[in-house]
Amino acid sequence: MTTLITGANRGIGQALMGLYADAGEPVIGTHRAADAGTMYELDVTDPASHAALAARLGDRPIDLLVCNAGVFLDKGQTLAGGYPADMWEQMFAANVTGVFLTIQHLLPHLQRANAGKIAIISSQMASHTRAPGGSYIYRASKAAALNLGRNLATDLAPEGIAVGIYHPGWVRTDMGGDSADISMEESAAGLAARFAELSLETSGCFLTWDGQEHPY
Ligand SMILES: NC(=O)c1ccc[n+]([C@@H]2O[C@H](COP(=O)([O-])OP(=O)(O)OC[C@H]3O[C@@H](n4cnc5c(N)ncnc54)[C@H](OP(=O)(O)O)[C@@H]3O)[C@@H](O)[C@H]2O)c1
């Protein structure tokens, strides 16, 4: 069972990659930098980079695609004068368009697998039921990724491909910071268990790393 993880050079993506590698399962990690050693190159915002990765994969089936790469650039922006337009563009390019392009380009590889699965790493900050204010771009982009996952679940069901959307917890990474609740390894272990459970019956689910249903 081959897993492909975007943004696997650090943070949650790296912990997930380590977990599958330690279990002896084939895993492909991607990184946007060209000199990333054994990683496959992929800048999720760049259609040419997607085409190059798909070509490099050839006929190889992908059983589980984890759309993990993401950015959170609007921490601490102020409503008066902050949140510049180019920040919206940059964050949506990675967190929304990036997820879509990844799935679109790797769909033939998922179709070659027996029962392909897609996991989108969104966030609890995607939920309309949680609105403490601030971080408008990140919240909107993660809400869009959640919506994308829900609609892809509908369209891909006839092909036997399941789609799950996940909140990985508040995780101690560069993005989550040192005071976050859980380690990357705890998050990765929980997420991997959720991915294993994902099926056509549960496709379109929005779950936390520890298996709680999250309100949309
Ligand atoms: N940490 C948390 O508490 C938390 C909570 C909720 C959701 N999440 C979500 O979980 C995912 C992983 O977060 P993390 O905490 O592990 O973040 P992180 O430590 O900041 O790592 C982000 C990863 O995404 C990659 N990336 C960013 N833009 C990219 C692009 N254009 N193309 C390819 N890769 C790109 C980064 O690569 P570079 O090294 O090249 O920048 C890095 O590998 C994200 O989607 C995040 O929104 C995290």
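Here, every reference points to the structure presented above.
Report follows, based on the coordinates. Please read all numbers here as calculations on a predicted model, not as lab measurements.

1. Here's the deal with the nonpolar core
- Ranked by size, the top nonpolar core spans 30 residues in total, and within it L4, L57, L65, I103, I118 and I120 carry the most contacts.
- Secondary-structure elements contributing two or more residues to this core are α2 (47-57), β4 (64-67), α3 (85-112), β5 (117-121), α4 (136-156) and β6 (162-167).
- Ignoring anything within four residues of it in the chain, the contact list for L57 reads L4, I28, Y40, I62, L106 and H109.
- M39, V171, I182 and L198 belong to the second largest nonpolar core, which has 24 residues in total.

2. Re the site of the ligand
- Around the ligand sit 29 residues, and of these N9, R10, R32, Y138 and T173 come closest.
- Here a nitrogen atom of the ligand and a backbone polar atom of V44 are 3.0 Å apart.
- G70 places a main-chain nitrogen or oxygen 3.3 Å from an oxygen atom of the ligand.
- If the ligand stood free it would expose 900 Å²; the protein chains cover 93% of that surface.
- When residues of the shell around the ligand are traced back to their parent elements, those giving at least two are α1 (11-22) and α4.
- Residues that form the shell around the ligand fall into these classes: 11 nonpolar, 13 polar and five charged.

3. So, the sheet that holds β4
- What the seven strands build is an open sheet, ordered β3-β2-β1-β4-β5-β6-β7; its pairing is parallel. The open sheet terminates on both sides in strands that have one partner only, identified here as β3 (40-41) and β7 (206-208).
- Taken strand by strand, α1 contacts β1 (3-5), β2 (27-31) and β4, and its axis lies near 160° from that of β1.
- Contacts from α3 reach β1, β4 and β5 within the one sheet, and its direction differs from that of β4 by about 170°.

4. Topic: the packing of α2 against α3
- Packing of α2 against α3 brings their axes to within 10 Å, and their N-to-C directions diverge by 25°. Classified by the angle their axes make, α2 and α3 are roughly parallel. The chirality of how α2 crosses α3 is right-handed. Each of P47, H50, A51, L53, A54 and L57 in α2 lies in contact with α3, whose residues at this interface are G98, L101, T102, H105, L106 and H109.
- Here the residues of the contact of α2 with α3 are counted per class, giving seven nonpolar, five polar and no charged.

What counts and how
Residues numbered from 1 in each chain as written. Predicted model: local features only at pLDDT ≥ 70, side-chain atom pairs only at ≥ 80, totals over all residues. Heavy atoms only, no water. Core = buried A, V, L, I, M, F, W, Y, C linked by side-chain atoms within 4.5 Å. Buried < 20%, exposed > 50% of the residue type's maximum accessible area, 1.4 Å probe, protein only. Helix = DSSP H or I, 4+ residues; strand = E, 2+ residues; numbered from the N terminus. Contact = heavy atoms within 4.5 Å. Near = heavy atom within 4 Å. Polar contact = N/O pair within 3.5 Å; in protein donor to acceptor, adjacent residues only side chain to side chain. Areas by Shrake-Rupley, 256 points an atom, 1.4 Å probe, with all protein chains shown as cover. Nonpolar A, V, L, I, M, F, W, Y, C, P; charged D, E, K, R; others polar. Pairing = 2+ DSSP bridges. Axes fitted to C-alpha atoms, helices over the stretch in contact; angles between N-to-C directions. Parallel < 35°, antiparallel > 145°, perpendicular 65-115°, else oblique. Left-handed = near helix turned anticlockwise from the far one by under 90°.

Shape descriptors only; they carry no functional weight alone.
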